Amino acid sequence: MADQRIEGYARGFFEIARGEGQLERVENELLTIARTFETARELRSSLTDPQLPLDRKQGVIDQLLGGRAAALTVGLIQLLVSQNRVTDLPDIAIAVASVAAASREKELAEVRSAVPLDDATIERLTAALARATGKQVEVKVILDPAVIGGIVARVGDTVIDGSIAKRVDSVRQAVRSN
Amino acid sequence: MHPSTFILATTEGGESSGVELLLPAWPELIAGIIAFSLVFFFVWRWVWPSLSKTIETRQGAIAGELTAAEKAKAEAESLRADYQAQLANARAEASRIVEEARKSAEQIRADIIAKAEVEAEQIRARAREEAAGEKARALAEAKSQVGDIAIELASKIVGEALDEEKHKALIDRYLADLEKI
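Here the structure is a predicted model, which is why all the values come from computation and not from measurement. (Residues numbered from 1 in each chain as written. Chains lettered and ligands numbered in written order. Predicted model: local features only at pLDDT ≥ 70, side-chain atom pairs only at ≥ 80, totals over all residues.)

## Here we look at the overall build of chain B
Along chain B, the regular secondary structure elements total four helices and zero strands. Secondary structure elements of chain B, listed N to C terminal, follow the sequence α-α-α-α. Within the span of chain B, comprising 181 residues, buried residues form 3% of the whole. (Helix = DSSP H or I, 4+ residues; strand = E, 2+ residues; numbered from the N terminus. Buried ≥ 20, exposed ≤ 12 C-beta atoms within 10 Å, placed from the backbone.)

As structure tokens, then:
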């Protein structure tokens, strides 16, 4: 149900952005904003607070994004806020990127890193992921401090995790099982 | 009797001799004898038998009543004896019932106490088990929390220790590994 809804929103957003000729900008902005939404706990709780009236929430969005993001992106996020679906934003952003990549006959490679990657690294990564998965991939880098260090790449259902977070996690599992 | 009357009679009798005064005259005697015999015969023939018959009947009746009374008394006596026997039986029965009730009450009391003791022991055992389980859980929880905290701290320290160069090295190693696939 939720998956279907996210897919629906993603397809809608994708079609609108493509129709407006702002597909790439909108999909990148959605990913960035989704990342912000994931990390900023206060923002998230105020946007999902049922006590807070809708116009206040939309005011917060306008204040944060107005002038910095495309008007279309802001409008799409306002739509999510008004539908009380803003918690789905991260999933929708990924889904939009995935649909957009598919429209270019590529597979989305969702790459999470703690630090920004330079173009040369992204190129190398694209080539290596394409070879490893046997698919044409389109890398989208998402800055995620939770990775700590290294990279997590996800292509479809395949996850190639080379992060410090994963190593920390395996140590955690080892400690727990003792 | 007035004294003057007596004196008058004495003066009248004084006209004849003493014996003549006592004996009646012959015709009077004969008539008297006949009359007496008539009366005697009458009494002997009718009055006496009917009288004696009446007496006999009364006597029979009295005897019958006496017998009946005796019988009634005997019956009453036997009834009383029966009643007393029954009373004794009833008393014995009652005391038997009381004794049985007492015994069964005693039994029930003993049973209840035994059961309560068993239950108390079960509760104690359960409480001990639960306490032990709780302790084990708390220990495990504490252990895992300590581990988590330690790892959290370690990962924070690692994250802070990572400078640009080390990040780059990590990414390069990732790429190198990926290119080997």
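## Things to note about the overall build of chain A
A tally of helices and strands in chain A yields eight helices and four strands. Taken from N to C terminus, the helices and strands of chain A fall in the order α-α-α-α-α-α-β-α-β-β-β-α. Evaluated residue by residue, chain A yields a buried proportion of 36% over its 178 residues. If you take every contact in chain A between residues at least 6 apart in sequence, the share linking residues at least 24 apart comes to 65%. (Contact = placed C-beta atoms within 7 Å.)

## Thoughts on the nonpolar core
Core analysis: the biggest nonpolar cluster contains 53 residues, and Ala10(A), Ile92(A), Ala93(A) and Val96(A) have the highest contact counts within it. Setting aside anything within four residues of it in sequence, one finds Ala10(A) in contact with Ile92(A), Ala95(A), Val96(A) and Val99(A). (Core = buried A, V, L, I, M, F, W, Y, C linked by C-beta atoms within 7 Å.)

## Focus on unusual backbone geometry
Residues and elements named next belong to chain A. The backbone phi angle of Asn84 is positive, close to 60°, even though this residue is not glycine. Along the chain, the position of Asn84 falls in the loop between α5 (71-82) and α6 (89-103). By the C-beta count within 10 Å, which is 13 here, Asn84 ends up partly exposed. The phi dihedral of Ile148 falls on the positive side, at around 70°, and the residue is not glycine. Mapped onto the fold, Ile148 is located in the loop between β2 (137-143) and β3 (150-155). The buried category is assigned to Ile148, around which 21 C-beta atoms lie within 10 Å.

## Concerning the packing of helix α8 (residues 164-177) of chain A against helix α3 (residues 26-161) of chain B
Direction vectors running N to C along α8(A) and α3(B) enclose 160°, while the axes themselves pass 10 Å from each other. Considering the angle they form, α8(A) stands roughly antiparallel to α3(B). For the element pair α8(A) and α3(B), the recorded crossing hand is right-handed. Listed contacts from α3(B) to Ile164(A), Val168(A), Val171(A), Arg172(A), Val175(A) and Arg176(A) of α8(A) are Ser144(B), Gly147(B), Asp148(B), Ile151(B), Ser155(B) and Val158(B). When its residues are assigned to classes, the contact of α8(A) with α3(B) shows six nonpolar, three polar and three charged. (Axes fitted to C-alpha atoms, helices over the stretch in contact; angles between N-to-C directions. Parallel < 35°, antiparallel > 145°, perpendicular 65-115°, else oblique. Left-handed = near helix turned anticlockwise from the far one by under 90°. Nonpolar A, V, L, I, M, F, W, Y, C, P; charged D, E, K, R; others polar.)

## Examining α6(A)
All names here are of chain A. Taking 1.5 Å per residue, 15 residues should reach 21 Å; α6 reaches 21 Å between its end C-alpha atoms and fits that length. α6 sits mainly inside the fold: 11 of its 15 residues count as buried. Where α6 is concerned, the buried positions are Leu89, Ile92, Ala93, Ile94, Ala95, Val96, Ala97, Ser98, Val99, Ala100 and Ala101. Buried residues in α6 make contact with α1 (2-19), α2 (23-39), α5, β1 (107-113) and β2. Looking one or two residues beyond α6, the residue adopting positive phi is Glu105, at roughly 60°. (Expected span 1.5 Å × (residues − 1).)

## Section: the pairing of β2(A)
All names here are of chain A. Burial analysis of β2 places five of its seven residues in the buried class, which makes it a mostly covered element. Across seven bridges, the pairing between β1 and β2 is parallel. Along β2, the bridge assignment pairs Glu110 with Lys140. Assessed by its sense of winding, the connection that carries the chain from β1 through helix α7 (residues 119-133) to β2 is right-handed. (Pairing = 2+ DSSP bridges. Right-handed = clockwise from strand over helix to strand, strands pointing away.)

## Some details on the sheet that holds strand β4 (residues 158-163) of chain A
Working definition: the strands of a sheet are paired by backbone hydrogen bonds and lie parallel or antiparallel to each other. All names here are of chain A. Pairing in this open sheet of four strands is mixed, and the strands run β2-β1-β3-β4 from one edge to the other. In the strand order of this sheet, the two ends are held by β2 and β4, each with one partner. Adjacent strand axes in the sheet meet at a mean angle of 15°, parallel and antiparallel pairs treated alike. Those strands touched by α6 are β1 and β2, and its axis lies near 140° from that of β1.

## Focus on the confidence of the model for chain B
Low-confidence regions, as indicated by low pLDDT, have predicted coordinates that should not be scrutinised in detail. Taken over all residues, the pLDDT of chain B has a mean of 87, while the share at 70 or more is 90%. Note on residues 1-14 of chain B: pLDDT is under 50 here. Beyond four places in sequence and across chains, it has two contacts. (pLDDT = per-residue confidence, 0-100.)

## Describing the interface of chain B and chain A
How big an interface is tends to be reported as the loss of accessible area on association of its parts. Tallying the contact residues gives 18 residues for chain B and 21 residues for chain A. Of all the elements in the fold, those that place two or more residues in the side of chain B that touches chain A are α3 and α4 (164-180) of chain B. Looking at which element gives the most residues to the side of chain B that touches chain A, the answer is α4(B), with nine residues. For the side of chain B that touches chain A, the residue count by class is nine nonpolar, five polar and four charged.

## A closer look at the packing of α7(A) against α4(B)
One way to put it is that α7(A) packs onto α4(B) with a least axis distance of 9 Å and a crossing angle of 30°. One way to sum up the angle between α7(A) and α4(B) is to call them roughly parallel. Considering the relative orientation of α7(A) and α4(B), their crossing is left-handed. Residue-level inspection shows Thr121(A), Arg124(A), Leu125(A), Ala128(A), Leu129(A) and Ala132(A) of α7(A) in contact with α4(B), the latter providing Ile171(B), Leu175(B), Leu178(B) and Glu179(B). For the contact of α7(A) with α4(B), the class distribution of residues is seven nonpolar, one polar and two charged.

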